[in-house]
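Analysis of the macromolecular model
This is what each chain is made of:
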Amino acid sequence: MTVFNAFLKVIRKNIGTIILYTIIVIVFAAVNMQTSDNSGEFVSEKPKILIENHDSSPISQNLVKYLTENTEVKEISGGEEAVSDALFYREISCVVTIPQNYGTNTMTGKGPEILIKATGDYHASFVEIMLTHYIRIQNTYAEISENEKDMVKQINSALDSKTEIEMTSELDTVSLTKAKSYFNFAAYSIMSCIIFIICLVLSSFNHLTVRKRTIVSSMNDKKYNAFLLISSSLYVLVVWLFFAILGYVMVGDIVFTPVGGLYILNMLIFALTSLSIAYFLSTVIHAKNAITGIVNVITLGFSFLCGVFVPMQYLPSWVISVAHILPAYWYVDTNNRLADTEILNIDSLTPILINMLVLAGFFVLFAISGIIVSKKKQKIA
């Protein structure tokens, strides 16, 4: 009971800190999920281009018509220098130049080249894709058409035909993105709540004076360590259960799906890994004043390097390489994979299970390291 009472005393004393970390994960996750919702709203914007048509054939005129319908055509006066300035300042995305005798050369199979001067942005790429699509259709009908007018009709008929697309995927991307955001941000609060409290409790029990009193007491050393382990594990389970319930409140019924169950399982393994990290740190650190600073360095470092605060796709490659040696990376990577998982099968589950095994390996590594350090310090004492 002494151990349990010590845990409760430390928790009550630091309940404000625990509440603070909980508020942090709620606020960050809520803001990120709101951003994810807004990102799903797509606003169409036509590329701005300049067309220089040096041909008057029906074929070139039809190409101009096609570009006019799918882009925003600008008129720029002032010569070549004004056009270059418009490209530089992104007033237009590209300049499409149709050469002389374009229609005649197309009908004779000479394959005239359309010149494109582009900025290289995604708008310019979109225009290039449109032109490639149009020219491919145009060249096909150039081989079988007898005159330009028939060819123009056939091209427009092919462009007007639409393919019926049936969505067979039942992947709820919005809910999965919300779940990924919440569980990723939860990593910071889980690490902080577990490592901070466990380090405070265990460092108190590992203090030299307390250890000497424990050794001379009637309590068996194995029983003493068992109480510490049980108390720590119960606290970790309470923290995990709290954030799992909070996950249901934040993201909804998806936590009751198979993918949601994997999110919860991944969080449990990560919580236990945080426990082993706390156990290792408690064997090294005894100064309570130093615990807060060290815990902040570890939790914030893990969070920034491993994609908790900043999504992995925005991190430099060298940061990702370094993050592989940290347990939070494997936790976040699993969450990211789960968000993209449509069907649970051997192929999709294999990398997820491997990540969980690696995370469990970190749990074993820190636990063994803590045991070794603890035994060495007992011999010294």
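Residues numbered from 1 in each chain as written. Predicted model: local features only at pLDDT ≥ 70, side-chain atom pairs only at ≥ 80, totals over all residues. Heavy atoms only, no water.

Regarding the sheet that holds strand β4 (residues 115-118)
- Across the sheet, which stays open at both edges, the four strands sit in the order β2-β1-β3-β4 with mixed pairing between neighbours. In the strand order of this sheet, the two ends are held by β2 (72-73) and β4, each with one partner.
- Examined bridge by bridge, strand β1 (residues 48-53) and strand β3 (residues 94-98) share five bridges and lie parallel to one another. Looking at the pairing, I49 lines up with C94 of β3.
- Helix-sheet contacts for helix α3 (residues 58-70) involve β1, β2 and β3, and the interaxial angle to β1 is about 170°.
- Its contacts with the sheet put helix α6 (residues 122-142) on β1, β3 and β4, and the angle it makes with β4 is roughly 165°. (Pairing = 2+ DSSP bridges. Helix = DSSP H or I, 4+ residues; strand = E, 2+ residues; numbered from the N terminus. Contact = heavy atoms within 4.5 Å. Axes fitted to C-alpha atoms, helices over the stretch in contact; angles between N-to-C directions.)

Regarding the side chain of T106
- The topology assignment puts T106 in helix α5 (residues 102-107).
- Judged by relative accessible area, which is 4%, T106 ranks as buried.
- A polar contact of 2.7 Å, which involves the side chain of T106, links it to the backbone oxygen of Y102.
- Excluding its chain neighbours within four sequence positions, the residues that come into contact with T106 are I59, P112, Q138, A142 and M151. (Buried < 20%, exposed > 50% of the residue type's maximum accessible area, 1.4 Å probe, protein only. Polar contact = N/O pair within 3.5 Å; in protein donor to acceptor, adjacent residues only side chain to side chain.)

Considerations on the environment of R337
- Within the fold, R337 resides in helix α14 (residues 327-339).
- Overall, R337 belongs to the partly exposed group, its relative accessible area being 37%.
- Taking the C-alpha atoms as reference points, R337 and L349, separated by 12 residues in sequence, lie 9.4 Å from one another.
- Side chain to side chain, R337 and D333 meet in a polar contact 2.9 Å long.

Quick notes on the nonpolar core
- F183 and M267 are the most contacted members of the largest nonpolar core, which has 77 residues in total.
- In terms of residues, this core owes the most to one element, helix α8 (residues 173-205), which gives 21 residues.
- If near-sequence neighbours (up to four positions away) are discounted, M267 is found in contact with F183, I190, W240, F243, A244 and Y331.
- Core analysis: the second largest hydrophobic core is formed by 20 residues, I51, C94, A142 and V152 among them. (Core = buried A, V, L, I, M, F, W, Y, C linked by side-chain atoms within 4.5 Å.)

So, the pairing of β3
- Counting buried positions along β3 yields five of five residues, so the element is predominantly enclosed.
- Every second residue of β3 is oriented toward a common face, with C94, V96 and I98 on one face and V95 and T97 on the other, all of them buried.
- Relative to β4, β3 runs antiparallel, the two sharing four bridges. In the strand pairing of β4, C94 is matched with A118.

Some details on helix α4 (residues 79-88)
- Among the residues making up α4, those that are buried are A82, V83, A86 and L87. In an axial view of α4, the angular spread of the buried residues amounts to 140°, which keeps them on one side of the axis. Turned more than 90 degrees away from the buried face of α4 sit E81 and F88, all of them exposed.
- Phi turns positive, to about 60°, at R90, one or two residues after α4. (Arc of directions from axis to C-beta.)

Digging into a nonpolar patch on the surface
- Together, I15, I19, I23, V27, F28 and V31 make up an exposed nonpolar region whose accessible area comes to about 530 Å².
- Position of V27 among the secondary structure elements: in helix α2 (residues 15-39). (Patch = residues over 30% accessible without salt bridge, like charges linked within 9 Å, V, L, I, M, F, W, Y side chains within 5 Å. Areas by Shrake-Rupley, 256 points an atom, 1.4 Å probe, with all protein chains shown as cover. Salt bridge = Lys/Arg side-chain N within 4 Å of Asp/Glu carboxyl O.)

Let's talk about the environment of I190
- When you line up the elements, I190 lands in helix α8.
- Once residues within four sequence positions are removed from consideration, I190 is found in contact with F243, M267, F270, A271 and S274.

Concerning helix α7 (residues 148-160)
- Over its 13 residues, α7 runs 18 Å from end to end, which matches the ideal 18 Å to within 8%, given 1.5 Å per residue.
- Listing the buried residues of α7 in full gives E148, M151, V152 and I155. Projected down its long axis, α7 carries its buried residues within an arc of 100°, all on one side. Projecting away from the buried face of α7 at angles above 90 degrees are the exposed residues K149, K153 and D160.
- Elements that come into contact with the buried residues of α7 comprise α3, α5 and α6.
- A distance of 3.2 Å separates the backbone nitrogen of K149 from a side-chain oxygen at the start of α7, and that oxygen is part of N147. (Expected span 1.5 Å × (residues − 1).)

Notes on the pattern of salt bridges
- In total, this model carries three salt bridges according to the counting rule given.
- A salt bridge links E72 to K74, with the shortest nitrogen-to-oxygen separation between them at 3.2 Å.
- Of the charged contacts, one joins K117 and E80 as a salt bridge, the two residues approaching to 2.9 Å between their closest N and O atoms. Placement of the pair is K117 in strand β4 and E80 in helix α4, with a sequence separation of 37 residues.

So, a positive patch on the surface
- On the surface, a cluster of positive charge is made up of K9, R12, K13 and K288.
- In terms of residues, the positive patch owes the most to one element, helix α1 (residues 2-13), which gives three residues.
- Inspection of the secondary structure puts K9 in helix α1.
- The exposure class assigned to K9 is exposed, which follows from its relative accessible area of 60%. (Lys, Arg positive; Asp, Glu negative; His and termini not counted. Charge placed at Lys NZ, Arg CZ, Asp CG, Glu CD.)

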